[in-house]
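What the coordinates show
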Amino acid sequence: MSTTTVAHHDEHADHPTGIMRWLTTTNHKDIGTMYLTFSLIMFLVGGSMILGIRAELFQPGLQLMNPDFFNQLIGVHALIMIFAALMPAATGFANWMIPLQIGAPDMALPRLNNWGFWLLPPSAILLTLPFILALFGIGDGALATGWTFYPPLSIQGGFGVDFAIFAVHLLGISSVLGSINIIVTLYNMRAPGMTLMKMPLFAWGWLITAFLLIATIPVLAGAVTMLLTDRHFGTHFFDAAGGGDPVMFQHLFWFFGHPEVYILLLPVWGFIPQILQTFSRKPVYGYKAQVYSFWAIGALAVVVWAHHFFTAGLPVPALLYFMYSTMAISLPLAVLFFCWIKTMWKGSMSFETPMLFTVGWIILFGIGGLTGLVLADVAADAQYHNSYFVVAHFHYTLFAGGIMGIMAGVYYWLPKMTGHMYNEKLGKTHFWLTAISFNMTFIPQFFLGLAGMPRRIPDYALQFAEFNMISSISAFVLGLSQLLFVYIIITCVRGGKKATDQVWEGAEGLEWTLSSPPPYHSFAEQPVIK
Amino acid sequence: MEIKAEDNGASPDQQRKLANKKLGFKLLWIVAGSIAFSIALVPLYDVLCTLTGLNGKTKTTASVISNTKVDESRWVTVQFTSNVMPGLGWNFHPKQSSIRLHPGKIQTVLFEAKNITSQVVAGQAVPSVSPGVASIYFKKIECFCFVRQELQPGETKLMPLRFFVSTDLPSDVSEMTLSYAFFSADKQ
């Protein structure tokens, strides 16, 4: 480690080479790159799992797998996509861009940063190892409860549940460490003159995300630990026979689980206005309103959790409270939508790939938000609960709202990070393929849900066959299109047209004042903001 | 945050590192706080459910009769259901499936339990009232569910429940269901 500490004060990028560079690095750009690479790999792993599911659902009846394996794929797909693809992607951007955007030389706690990343690969192995062990006849595979771990099913499951519990512990520690690092960086490392209310919105989104993470991840860790002791050490937290209550697990889980949605989305809401600003060539509209909306959503996020289990038998006053508070979130969210649209209004817009993804994102995420309002209605939810309508809804928020937003960020910052322009034509092709096949995959699922098809079931009634077939074919197009994304990134890393420092004509902010790619150690002398 | 250069002669860089560490440890208190909160939720949840009757939980101790006035102007129907959970080798059912009564009137109903195994078996009954809002108005004076019950091999036992429905019962509730789930209470 001494070499890197020395390098820290050195003008030259003198760091260990080969694998040791990545194992021991404390450089925010290296760690950001590792987070993003890890996220992309796990995105493909989680994606191939769901293609297995869609292949099985191509036709009614059981063709490819037994129901137990089907359930395992569904649960691990969700855990991987949430914890190992979306969250690391956002953390990767935070590592890369926050120091550059606030004029800091590095993250505040660089060694913690390194540790935070290297906890991720072991937890990914813990999540997927039971599949491989099952191939050799050891155990009965990964957790088959869905990502929510509901008891009593999770108390009865095989050791896949234990593997997933320990993976969640590691992932939780990783994101808590990452969050502490980001909060300290944002509080202590800003360039002179950059007040909190002058920070870029991406930094603001992440500040609230980080507070939500350190407040809620420990509750999830606590809940799954109780599950573990229920399974192996004779406690009865969730076992009615011993005076426990399975519904309590749902409360604990969703106390974390609902803020988690905003943890995944707030970083994206942070950089979306920056992209809009760049390609509309106009300043961000309503900066203050957006910051306050972030706070309002962050605060509301922790008091609405029970809308995930309206049908569990809550008393009517509780149902009403959770319904109204959930719907209240749409108010600050509407402010955000208004600001995004107003930023584009009468701007001289151009539609490079990041902007295409952003505009597509606003529309699709809007659909995700509006269908959420339908689900927030207690009376309607009784019909939609646990149907494919819910699946379609949260893929509009998390695939469109999360991953397509992240893709906009990738195209926006890739030239800055690599120093090369990506292939614009292929980028646009990737957008259209993704946007069309995404809608073709999930619009049929809204109809399936309205017609009563339950989620997490490997077989279905004949009347659902056509919509499932459309959905499955589109899902494969969607999945294969992402190989184009990987190809675009790899070719961009390896070469291409040289990117200018500002990269985009309308780009503003400290990160665009550095060279592309930025030097290994940037802002050794902090810039002064006036 | 501004770094003051004159403190202790340490370089601004070292001071910043110290400040970073300090804030990092402060944030760990939030983490510790939310771990404590998640553990505290377990008893809190129980207390909240018992106090408000949410989730159909009823008191596990006897109620004191405070008011013997009987409201003869209303009728309430109480239905009884029973379940034996896996792991308990008993038959268990109420002797009557429902009862019609006036709020405030004390009633006794009997449940019959039979041990169908060849061992001494202990069980614990867990009550639940539906709808949940009615559960705090359901007052048990004497109940076999207050203590562990033990049955000899093949023994049949009549288990009494003395209760009344409080006269404060909201006027829109005219029917309620009392469900007992009998769990094995043997130490495994």
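A quick note: this is a predicted structure, and the numbers were derived from the prediction, not measured.

Here we take up the overall build of chain B. Counting secondary structure elements, chain B contains 1 helix and 9 strands. Mapped from its N terminus to its C terminus, chain B presents α and β elements in the order α-β-β-β-β-β-β-β-β-β. The buried share of chain B, taken over its 188 residues, is 36%. Counting contacts in chain B only where the partners sit at least 6 residues apart, residues at least 24 apart contribute 74% of the total. Of the roughly 10,800 Å² of accessible surface on chain B, 57% is carried by carbon and sulfur atoms.

When you go through chain A residue by residue, the secondary structure sums to 18 helices and 0 strands. The C-alpha atoms of chain A give 23 Å as radius of gyration, which agrees with the globular expectation for 530 residues (24 Å, within 12%). For chain A, the spread of C-alpha atoms along the three principal axes comes to 65 × 55 × 45 Å. Put simply, 81% of the contacts in chain A that link residues at least 6 apart link residues at least 24 apart. With an accessible surface of roughly 19,300 Å², chain A has 71% of that area assigned to carbon and sulfur atoms. Each charge class in chain A was averaged separately, 21 positive and 24 negative side chains, and the resulting centres sit 13 Å apart.

All names here are of chain A. Between the first and last C-alpha of helix α12 (residues 316-328) there are 18 Å, a value that for 13 residues agrees with the 18 Å anticipated at 1.5 Å per step. Of all the residues in α12, the buried ones are Ala 318, Leu 319, Phe 322, Met 323, Ser 325 and Thr 326. Residues of α12 that are buried sit in contact with α11 (287-301), α13 (330-344), α14 (353-376) and α15 (378-384).

So, on to the state of the cysteines. All names here are of chain B. Tallied over the full model, the rule gives 1 disulfide over all chains. The disulfide partner of Cys 143 is Cys 145, and the S-S distance across this bridge is 2.3 Å. An S-S torsion of about 130 degrees defines the bridge between Cys 143 and Cys 145 as right-handed. Cys 145 matches Cys 143 in its accessibility class, with the two residues each being buried.

Applying the stated criterion across every chain, the model contains 59 aromatic pairs over all chains. On the numbers, 5.5 Å between centres and 25 degrees between planes, the contact of Phe 357 of chain A with Tyr 411 of chain A is stacked. Taken together, the residues span a long stretch of sequence, with Phe 357 of chain A in helix α14 and Tyr 411 of chain A in helix α16 (residues 388-418) at a distance of 54 residues. For the pair Phe 357 of chain A and Tyr 411 of chain A, a shared accessibility class is recorded, and that class is buried. Its guanidinium or amino end placed over the ring of Trp 75 of chain B, Arg 100 of chain B lies 4.5 Å from that ring's centre, counting from NZ or CZ.

All names here are of chain A. Residue placement: Tyr 396 occurs in helix α16. In this structure, the C-alpha to C-alpha distance between Tyr 396 and Asp 30, residues 366 residues apart in sequence, is 32 Å. Sequence-distant contacts of Tyr 396, defined by excluding residues within four places in its chain, comprise Leu 364, Phe 365, Ile 367, Gly 368, Gly 401, Phe 438, Asn 439, Phe 442, Ile 443 and Phe 446. At a separation of 2.6 Å, a polar atom in the side chain of Tyr 396 contacts the side chain of Asn 439.

Attention now moves to the domain arrangement of chain B. Along its sequence, chain B is organised into domain 1 (7-52) and domain 2 (56-184). Its C-alpha centre places domain 1 of chain B at a distance of 45 Å from the equivalent point of domain 2 of chain B.

Inspection of every chain in the model, using the stated rule, returns 5 salt bridges over all chains. A salt bridge links Arg 281 of chain A to Glu 505 of chain A; the nearest nitrogen and oxygen atoms lie 2.5 Å apart. One end of the pair, Arg 281 of chain A, is in the loop between α10 (246-280) and α11; the other, Glu 505 of chain A, is in the segment after α18 (465-494), and 224 residues separate them in sequence. Looking at Glu 505 of chain A, the relative accessible area reads 59%, which means it is exposed. Where Glu 150 of chain B meets Arg 148 of chain B, a salt bridge forms, and the shortest distance between an N and an O atom there is 3.8 Å.

With that settled, the discussion passes to the packing of helix α3 (residues 28-56) of chain A against helix α5 (residues 110-118) of chain A. All names here are of chain A. Where α3 contacts α5, the two axes come as close as 10 Å, and the packing angle between them is 15 degrees. Considering their axes alone, α3 and α5 lie roughly parallel with respect to each other. Of the two possible hands of crossing, α3 and α5 adopt the one that is left-handed. Residues Ile 31, Met 34, Tyr 35 and Phe 38 of α3 lie in contact with α5, whose contacting residues are Pro 110, Asn 113, Asn 114, Gly 116, Phe 117 and Trp 118. Taken together, the residues of the contact of α3 with α5 break down into 7 nonpolar, 3 polar and no charged.

Residue and element names in this part refer to chain A. Along α16, the largest kink reaches about 40 degrees and is centred on Tyr 412; proline Pro 415 follows within four residues of it. N-capping of α16 is provided by Ser 387, with a side-chain oxygen placed 3.1 Å from the backbone N of Phe 389. One or two steps after α16, the chain reaches Gly 419, where phi turns positive at roughly 85 degrees.

Within a sheet, each strand pairs with its neighbour through backbone hydrogen bonds, oriented either parallel or antiparallel. Residues and elements named next belong to chain B. The 4 strands are arranged β2-β4-β8-β6 in an open sheet whose pairing can be described as antiparallel. The open sheet has two edge strands with one neighbour each: β2 (90-94) and β6 (138-143). Shown here is a sheet whose adjacent strand axes are inclined to one another by a mean of 25 degrees, direction ignored. As paired elements, strand β4 (residues 107-115) and strand β8 (residues 156-165) share 8 bridges and run antiparallel to each other. Looking across to β8, one finds that Glu 112 is bridged to Leu 158.

Calculation rules
Residues numbered from 1 in each chain as written. Chains lettered and ligands numbered in written order. Predicted model: local features only at pLDDT ≥ 70, side-chain atom pairs only at ≥ 80, totals over all residues. Heavy atoms only, no water. Helix = DSSP H or I, 4+ residues; strand = E, 2+ residues; numbered from the N terminus. Buried < 20%, exposed > 50% of the residue type's maximum accessible area, 1.4 Å probe, protein only. Contact = heavy atoms within 4.5 Å. Areas by Shrake-Rupley, 256 points an atom, 1.4 Å probe, with all protein chains shown as cover. Rg over C-alpha atoms; globule rule 2.2 N^0.38 Å. Lys, Arg positive; Asp, Glu negative; His and termini not counted. Charge placed at Lys NZ, Arg CZ, Asp CG, Glu CD. Expected span 1.5 Å × (residues − 1). Disulfide = S-S within 2.5 Å. Phe/Tyr/Trp six-rings, centres within 6.5 Å; stacked < 30°, edge-to-face > 60°. Lys NZ or Arg CZ within 6 Å of the ring centre and 35° of its normal. Polar contact = N/O pair within 3.5 Å; in protein donor to acceptor, adjacent residues only side chain to side chain. Domains from an automatic or database assignment. Salt bridge = Lys/Arg side-chain N within 4 Å of Asp/Glu carboxyl O. Axes fitted to C-alpha atoms, helices over the stretch in contact; angles between N-to-C directions. Parallel < 35°, antiparallel > 145°, perpendicular 65-115°, else oblique. Left-handed = near helix turned anticlockwise from the far one by under 90°. Nonpolar A, V, L, I, M, F, W, Y, C, P; charged D, E, K, R; others polar. Bend = angle between axes of the 7 residues up to and from the residue. Pairing = 2+ DSSP bridges.

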